[in-house]
Amino acid sequence: MATAATPYTVVLDPKAYEGIHLLETDGEPMDSFWHFDCMCLLIDVANCYCRAKSDYIVGGNNFIYFNPDQARNLDYRGPDFFYIKSGVDRTRERRYWAVWEESGRLPDVIIELVSPTTEREDRTTKFVIYEQTLRTPEYFLYDPDTQVLEGWRLRGDRFQALTPNERGWLWSEELGLWVGTWYGSYFNTTGTLLRFYDAQGNLVPTHEELQAQRAEAERQRAEAERQRAEAERQRALAAEAELARVKALLAQQTQITKPNGGKA
């Protein structure tokens with residue numbers, strides 16, 4: 001992994017940022033529909049997975065401001081995906097992530113979706129900033145052209161490469177999930193996309209998929225209840241038929257045992 005020097009340090013003093021206009025976006029579109037859709041998919045899945053939590057943040061392509069010079073010069077764009085696992089006020093509206101407004105909280109996971117125009121920066125400038133300045137616990141890179149996923153975990157002062165499993169997935173300790181590829185459709189894209197899997201290898205659903213799963217579970221529950229009710233009805237009919245048969249048999253036997261066939 002190539003390195004690039006960075007002069008930045010994390011500065012938390014709000015006064016250091018006075019007079020600096022903080023942009024919400026650089027005005028540049030993402031490199032392709034695939035990049036936008038994959039980013040949205042990762043955000044969707046992560047938010048669905050964390051839906052029971054109240055103090056996390058998931059973002060994508062949002063500026064992270066952590067140093068006055070970096071904020072003034074806009075030296076790099078926001079990560080394609082970032083996750084902060086705890087200690088966040090989710091009730092406050094944000095147009096960007098400013099560390100001095102967030103008690104110094106920085107991303108626990110960053111994912112960059114490589115493109116020909118960003119790969120060098122992803123592997124040099126951003127790599128060094130995430131490793132040496134932001135001290136990001138985990139950093140992942142995915143190249144849609146080669147379908148190669150790479151990842152690093154911060155150990156001590158340096159990123160150490162993660163070892164993929166037999167499927168090529170990488171385990172994220174911060175998310176508690178596997179990061180891996182998936183073939184399917186999302187928004188305008190059909191193809192191989194990046195997604196999350198639980199520890200057992202099950203696909204973590206999007207909100208839409210979760211609703212579909214719940215609807216299917218409810219349909220199956222209703223069908224099972226219908227079948228149970230129908231089986232109960234059939235048992236009742238069978239019981240009634242058996243009772244009628246027994247009554248008829250008893251009546252027949254009684255008729256036979258009466259003197260003169262029951263006649264006076």
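The coordinates are above.
Residues numbered from 1 in each chain as written. Predicted model: local features only at pLDDT ≥ 70, side-chain atom pairs only at ≥ 80, totals over all residues. Heavy atoms only, no water.

Here we look at the overall build of the chain
Then, in step 1: Counting its secondary structure elements, the chain contains 5 helices and 11 strands.
Then, in step 2: By the compact-globule yardstick of 18 Å for 264 residues, the chain is too spread out, its C-alpha radius of gyration being 31 Å.
Then, in step 3: Reported as C-alpha extents along the three principal axes, the dimensions of the chain are approximately 120 × 40 × 35 Å.
Then, in step 4: Of the roughly 14700 Å² of accessible surface on the chain, a fraction of 51% belongs to carbon and sulfur atoms.
Then, in step 5: With 31 positive and 41 negative side-chain charges, the chain shows a spacing of 12 Å between the two charge centroids. (Helix = DSSP H or I, 4+ residues; strand = E, 2+ residues; numbered from the N terminus. Rg over C-alpha atoms; globule rule 2.2 N^0.38 Å. Areas by Shrake-Rupley, 256 points an atom, 1.4 Å probe, with all protein chains shown as cover. Lys, Arg positive; Asp, Glu negative; His and termini not counted. Charge placed at Lys NZ, Arg CZ, Asp CG, Glu CD.)

Some thoughts on the layout of surface pockets
Then, in step 1: Taken as a whole, the largest pocket encloses approximately 160 Å³ of empty space.
Then, in step 2: If you go around the largest pocket, the residues you meet are Asn 47, Tyr 56, Ile 57, Val 58, Gly 59, Asn 62, Phe 82, Arg 90, Arg 94, Arg 95, Tyr 96 and Trp 97.
Then, in step 3: Counting residues per element, the lining of the largest pocket draws most heavily on strand β1 (residues 57-59), which supplies 3 residues. (1 Å grid on protein atoms, 1.4 Å probe; cavity = no way out; pocket = protein on both sides within 12 Å on 5 of 7 lines; lining within 4 Å. Points joined across faces, edges and corners; volume = space filled by probe spheres on them.)

A short note on the sheet that holds β1
Then, in step 1: Reading across the sheet, the 6 strands line up as β1-β3-β5-β6-β7-β8 and stay open at both edges, with mixed pairing between neighbours. The outermost strands of the open sheet, each flanked by one partner alone, are β1 and β8 (158-161). Neighbour to neighbour, the strand axes of the sheet diverge by 15° on average, direction disregarded.
Then, in step 2: Pairing between strand β7 (residues 148-155) and β8: 4 bridges, direction antiparallel. Within β8, the position partnered with Arg 155 by the bridge is Arg 158. (Pairing = 2+ DSSP bridges. Axes fitted to C-alpha atoms, helices over the stretch in contact; angles between N-to-C directions.)

Focus on the packing of aromatic side chains
Then, in step 1: For the structure shown, the criterion picks out 17 aromatic pairs.
Then, in step 2: Their ring planes at 20° and their centres at 3.5 Å tell us that Tyr 17 and Trp 100 sit as a pair that is stacked. Of this pair, Tyr 17 sits in the segment before α1 (33-49) while Trp 100 sits in the loop between β4 (97-98) and β5 (109-113), and the two are 83 residues apart along the sequence. For the residue pair Tyr 17 and Trp 100, the accessibility class agrees, reading buried in each case.
Then, in step 3: Through a chain of ring-to-ring contacts, three or more aromatic side chains come together here, namely Phe 127, Tyr 130, Tyr 139, Trp 152 and Phe 159.
Then, in step 4: Above the plane of the ring of Tyr 56 lies Arg 90, whose end atom (NZ or CZ) is 4.0 Å from the centre. (Phe/Tyr/Trp six-rings, centres within 6.5 Å; stacked < 30°, edge-to-face > 60°. Buried < 20%, exposed > 50% of the residue type's maximum accessible area, 1.4 Å probe, protein only. Lys NZ or Arg CZ within 6 Å of the ring centre and 35° of its normal.)

Remarks on the pairing of strand β11 (residues 189-197)
Then, in step 1: With respect to burial, β11 is a largely interior element, 8 of its 9 residues being buried.
Then, in step 2: Note: strand β10 (residues 177-186) against β11, 9 bridges, orientation antiparallel. In the strand pairing of β11, Trp 178 is matched with Tyr 197.
Then, in step 3: Here β10 folds back onto β11 in antiparallel fashion, the turn holding 2 residues, of which Phe 187 has a positive phi close to 55°.

A short note on α1
Then, in step 1: Taking 1.5 Å per residue, 17 residues should reach 24 Å; α1 reaches 24 Å between its end C-alpha atoms and fits that length.
Then, in step 2: For α1, a buried count of 14 out of 17 residues is recorded, marking the element as mostly surrounded by other parts of the structure. (Expected span 1.5 Å × (residues − 1).)

Here we look at the environment of Phe 63
Then, in step 1: Structurally, the position occupied by Phe 63 is in the loop between β1 and β2 (64-65).
Then, in step 2: A residue is classified by how much of its surface remains accessible, and Phe 63, at 5% relative accessible area, is buried.
Then, in step 3: Sequence separation between Phe 63 and Leu 23 is 40 residues; the distance between their C-alpha atoms is 7.9 Å.

A look at the environment of Thr 190
Then, in step 1: Along the chain, Thr 190 turns up in strand β11.
Then, in step 2: On the accessibility criterion, Thr 190 (56% relative accessible area) is exposed.
Then, in step 3: With sequence-adjacent residues up to four places away left out, Thr 190 is seen in contact with Tyr 183, Gly 184 and Ser 185.
Then, in step 4: A distance of 2.6 Å separates the side chain of Thr 190 from the side chain of Ser 185, its partner in a polar contact. (Contact = heavy atoms within 4.5 Å. Polar contact = N/O pair within 3.5 Å; in protein donor to acceptor, adjacent residues only side chain to side chain.)

Regarding unusual backbone geometry
Then, in step 1: Positive phi, close to 55°, is recorded for Arg 135, a residue that is not glycine.
Then, in step 2: In this structure, Arg 135 sits in the loop between α4 (125-133) and β6 (138-143).
Then, in step 3: Judged by its relative accessible area of 32%, Arg 135 is partly exposed.
Then, in step 4: A positive phi angle, close to 55°, is found at Phe 187, a residue other than glycine.
Then, in step 5: Counting through the fold element by element, Phe 187 comes out in the loop between β10 and β11.

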